[in-house]
Amino acid sequence: MGLARTIANPGKTAQKPAVDALSALLALGRPLVMGILNVTPDSFSDGGQFIDPAAAIAHAAAMAKEGADILDIGAESTRPYGGAKAVSVDDEMARLAPILPAVVKLGLPVSIDTIKANVAGWALDQGVSIVNDVWGLQRDPDMAKLIAARGVPVIVMHNRESADDGIDIIAEVIAFFSRSLEIAARAGIARDKIVLDPGIGFGKTPEQSIECIARLAEFKRFGLPLLVGASRKRFINAVTPSPPDQRIGGSIASHLEAVNNGAAFLRVHDVTETVQALRVAAAIEAAR
């Protein structure tokens, strides 16, 4: 399968982190596991489970112990199926404040999952090293300027307000990425600081999400690392009916296929199971 081989203020003075987190991660030369930490009451799979600071920090520490390479923390639900409640900048930071510093101290690279430049800038001041923007630099006009000024990596995710089963989803994602990369270039974001995420489940029908994984290699045309977050997503339910917490098998199958098709990062809820699957698949591949 090829698994063994694949693997806050915008105006603030530009500063570059001592260590480029993205380069250091990619240098490991294997698929990288990003553990999800949602400190929200309404995320689609684990909403409310980690809103308590002690529970959130304990979960982050557990994911680090289980083998996560990076921790992705978010305090505003971006649930792809509707119903998410908008959160103010102050409320988002208030949710993060008692948790984020402790998560950073665990020693793994941490990414901030936010669509707000002000929140991203504040999180970078707390020691976060990567920004994960689920609107691909196309929602907050200050986001690209902030990332360029700070010299940090950014995950650019494809998104749509709603799904449209009449469009060519691969062409749509490619066009979206092209627009995002133009925004990044104008702002001065170095190309080697960018990761692309096709946004599985976001503004897509279940069939389109499956197609994005099946045809993931087509996004390699940009020459940038790819991230896939298929964990517990609704398209799995479309194939085999199941609630979110019973979609581990579908998540792992999707992520192994994503790695086979070129994914460098996997964003997951279930770190232990994903790390085990990747290691076993790599061992089998190495024995060919």
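Here the structure is a predicted model, which is why all the values come from computation and not from measurement.

Trainee: Please explain the overall build of the protein as it appears in this structure.
Mentor: The secondary structure content of the protein amounts to 11 helices and 8 strands. Residues counted as buried form 55% of the 288 residues belonging to the protein. Counting every atom, the protein has about 11,700 Å² of accessible surface; 53% of that belongs to carbon and sulfur.

Trainee: Would you mind showing me how to read the confidence of the model for the protein here?
Mentor: Regions with low pLDDT carry predicted coordinates that are not meant to be interpreted in detail. Looking at the protein, the pLDDT average stands at 90 and 89% of residues meet or exceed 70. Put simply, helix α3 (residues 89-96) is where the protein has its lowest mean pLDDT, 94, and strand β7 (residues 226-228) is where it has its highest, 99. Overall, residues 1-18 carries pLDDT values under 50, and its contacts beyond four positions in sequence, including any with other chains, amount to 60 contacts.

Trainee: What should I look at first to understand the packing of helix α5 (residues 117-125) against helix α6 (residues 143-150) in this one?
Mentor: The relative placement of two packed helices is expressed as an angle between their axes plus a distance between the axes. The N-to-C vectors of α5 and α6 enclose an angle of 20 degrees; their axes lie 9 Å apart at closest approach. Between α5 and α6, the angle is such that the two are roughly parallel. With respect to the hand of their crossing, α5 and α6 are arranged in right-handed fashion. Contacts between α5 and α6 involve A117, A120, G121, L124 and D125 on the former and, on the latter, M143, L146 and R150. Taken together, the residues of the contact of α5 with α6 sort by class into 5 nonpolar, 1 polar and 2 charged.

Trainee: Just to check I follow, could you spell out the environment of E257 for this structure?
Mentor: Relative to the helices and strands, E257 is located in helix α10 (residues 248-260). In this structure, the C-alpha to C-alpha distance between E257 and I213, residues 44 residues apart in sequence, is 7.2 Å.

Trainee: Even after reading the chapter, I still don't get the packing of aromatic side chains, so can you show me in this structure?
Mentor: We describe a pair of aromatic rings using the distance from one ring centre to the other and the angle between the two ring planes. Using the criterion set out here, one finds 3 aromatic pairs in the structure. Look at F177 and F219: their rings are 5.9 Å apart centre to centre, the planes differ by 85 degrees, and that puts the pair in the edge-to-face class. Within this pair, whereas F177 is found in helix α7 (residues 169-187), its partner F219 is found in the loop between α8 (206-214) and β7, the two being separated by 42 residues in sequence. Here F177 and F222 contribute two aromatic rings whose centre-to-centre distance is 5.9 Å and whose plane-to-plane angle is 85 degrees, an arrangement assigned as edge-to-face. Residue F177 is found in helix α7, and its partner F222 is found in the loop between α8 and β7; the two are separated by 45 residues along the sequence. Overall, F222 belongs to the buried group, its relative accessible area being 12%. Grouped by ring-pair contacts, the aromatic residues F176, F177, F219 and F222 constitute a single cluster. Looking at R139, its charged tip hangs above the ring of W135, at a distance of 4.0 Å from the centre.

Cut-offs and rules
- Residues numbered from 1 in each chain as written.
- Predicted model: local features only at pLDDT ≥ 70, side-chain atom pairs only at ≥ 80, totals over all residues.
- Heavy atoms only, no water.
- Helix = DSSP H or I, 4+ residues; strand = E, 2+ residues; numbered from the N terminus.
- Buried < 20%, exposed > 50% of the residue type's maximum accessible area, 1.4 Å probe, protein only.
- Areas by Shrake-Rupley, 256 points an atom, 1.4 Å probe, with all protein chains shown as cover.
- pLDDT = per-residue confidence, 0-100.
- Contact = heavy atoms within 4.5 Å.
- Axes fitted to C-alpha atoms, helices over the stretch in contact; angles between N-to-C directions.
- Parallel < 35°, antiparallel > 145°, perpendicular 65-115°, else oblique.
- Left-handed = near helix turned anticlockwise from the far one by under 90°.
- Nonpolar A, V, L, I, M, F, W, Y, C, P; charged D, E, K, R; others polar.
- Phe/Tyr/Trp six-rings, centres within 6.5 Å; stacked < 30°, edge-to-face > 60°.
- Lys NZ or Arg CZ within 6 Å of the ring centre and 35° of its normal.

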